Amino acid sequence: MEKQFLAQVEHPLIVEIYNFVTHEDAGYIVMEYVGGTSLKQILKDRMRANNGKFDPLPVDQALAYILEILPAFSYLHDLGLIYCDFKPDNLIQVGDAVKLIDLGGVRRADDEESAIYGTVGYQAPEVAQVGPSVASDIYTIGRTLVVLMMEFRGYQSKYVASLPPVDETPLFATHDSLYRLLAKACAADPADRFASVDEFRVQLLGVLREVVAEKTPGTALTSAASVLFEAPAITSEALEWDELPVLRIDTSDPQYAWLSNVSVEDPEERIDELGKAPLATAEVRLAQARAALELRRRDIVDQIVNEMLGEDPWEWRAVWVGGLAALDAGDFTSAQSSFNAVYGQVPGELAPKLALALACERGGEGNIAEALYQTCASTDANYVAAAAFGMARIRAARGDVTSAVQALDLVPSTSRSYPEARRLRALQLYESGQACRRYPRL
């Protein structure tokens, strides 16, 4: 039987395969019986309880369901298998756990002959021409998320290969990071999607943290170390380029060990030393760009960025570095464009949001900056101080002392920036009081 390879599939999140049988020349897979409830049935039950009106899952709950099942997809992909036909019907809730069922559509990634199974509205648009892939599985996961979180009208017709416009979709307008996550997962070009389920999972987790923070304001924040960025510096002034979160080094880079031995402090000498690298990998070039930034040589940075993007148009780290150079040069429009692009590539990360907020603040886009600072301040303890000071600056500049003070009050007493926040708070109140005494009508 052609599905015999499924016998190797053993994972706690995937239905177990018991046997393969043939009856009247037809092959059948005997699978474990899972007595749970599918997400499709859960949606139907919610609709029935809501007098026949569609009642989507809460955003955080839908994200949590998908987050929990993603390791099953990673496992299948590591085995060279593609699930193909993911949808709410095929994810079962069993007690407090979930399970992926119905392996009938699973096929080998290199299979070019077997029938392809899929469902209209979930299947990636390129599958009919090039077949299923890791990218097409990611597409089905993204589409499933949308169906779980909103009444996705036209998903099998008008929007069979696209998402509805943001301005017509309250869910997207309310949760920008979520929209960007879905837009990347469901991109028309498979090359524009997440490169792996693990990459998708990291960003989905970041978006989930944002959603939970928005849903439960005022709760004590924790810090979640990013796998891509260090934490930002803390200062009450507008951050400079070198105070924004630093990119973490990719330890899988072929030149990682060689770079670990480069300890030249002078940036000009460091550029020369880096030029001796056995291979000009991404990390080598990023290190060169960092040294060029220290020298304020935007021309060198731009050259490195263009070379990196010429070789890999999806290398968002090069775009990040270009944004830092633009910010340092006072080219805030270019900085906004760069950081916005990075935000779209890693929507679960706070670093590009903080950088974009800073570029918007310094470029005169105070309202946008304030909203981004608010997201950062409400999501991760590592970002509270930098974002709170940013909000306070914007609010004070427009004369809203009360809101500026409220922003400064976000800095917790456990932060080393707490004394500075209290000083600025007192200064805001003092200067406001002085103004009122001079101009009673204020």
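Cut-offs and rules
- Residues numbered from 1 in each chain as written.
- Predicted model: local features only at pLDDT ≥ 70, side-chain atom pairs only at ≥ 80, totals over all residues.
- Heavy atoms only, no water.
- Helix = DSSP H or I, 4+ residues; strand = E, 2+ residues; numbered from the N terminus.
- Contact = heavy atoms within 4.5 Å.
- Lys, Arg positive; Asp, Glu negative; His and termini not counted.
- Charge placed at Lys NZ, Arg CZ, Asp CG, Glu CD.
- Buried < 20%, exposed > 50% of the residue type's maximum accessible area, 1.4 Å probe, protein only.
- Arc of directions from axis to C-beta.
- Polar contact = N/O pair within 3.5 Å; in protein donor to acceptor, adjacent residues only side chain to side chain.
- Pairing = 2+ DSSP bridges.
- Salt bridge = Lys/Arg side-chain N within 4 Å of Asp/Glu carboxyl O.
- Patch = residues over 30% accessible without salt bridge, like charges linked within 9 Å, V, L, I, M, F, W, Y side chains within 5 Å.
- Areas by Shrake-Rupley, 256 points an atom, 1.4 Å probe, with all protein chains shown as cover.

Caption draft 1: View of the overall build of the protein chain. Across its full length, the protein chain carries 18 helices and seven strands. A principal-axis box enclosing the C-alpha atoms of the protein chain has dimensions of 95 × 65 × 40 Å. Relative to all contacts within the protein chain whose residues are 6 or more apart in sequence, the contacts with residues 24 or more apart total 58%. Counting 40 positive and 63 negative side-chain charges, the protein chain places the averaged centre of each group 9 Å from the other.

Caption draft 2: Representation of helix α9 (residues 267-274) in the model. Listed as buried for α9 are P267, R270, I271 and L274. Relative to the axis of α9, the buried residues are bounded by an arc of 105° and lie together on one face. More than 90 degrees from the buried face of α9, the exposed residues found are E268 and D272. Check the buried side of α9 and you find it contacts α8 (256-260) and α10 (282-294). A side-chain oxygen of the first residue of α9 lies 3.1 Å from the backbone nitrogen of E268; this N-cap is D266.

Caption draft 3: Structural view of the pairing of strand β5 (residues 91-94). When strand β3 (residues 37-38) meets β5, the two strands line up antiparallel, connected through two bridges. Residue pairing for β5: S38 is matched across the bridge by I92. Direction of pairing for β5 relative to strand β6 (residues 97-100): antiparallel, over a ladder of four bridges. Bridged to V94 within β6 is A97. Turn length for the β5-β6 hairpin, with the two strands adjacent in sequence and antiparallel, is two residues, and the turn residue G95 shows positive phi of about 65°.

Caption draft 4: Spatial organisation of the pattern of salt bridges. Using the criterion set out here, one finds 27 salt bridges in the structure. E240 is the salt-bridge partner of R362, the closest N and O atoms lying 3.9 Å from each other. In this pair, R362 is assigned in helix α14 (residues 351-362) and E240 in the loop between α7 (197-215) and α8, connecting sequence segments 122 residues apart. Judged by relative accessible area, E240 falls into the partly exposed class, the value being 39%. Overlapping salt bridges, with partners in common, bring together E283, E315 and R317 in one network.

Caption draft 5: A negative patch on the surface, seen in detail. The grouping of E265, D266, E268, E269 and D272 at the surface amounts to a negative patch. Checked against the element boundaries, E269 lands in helix α9.

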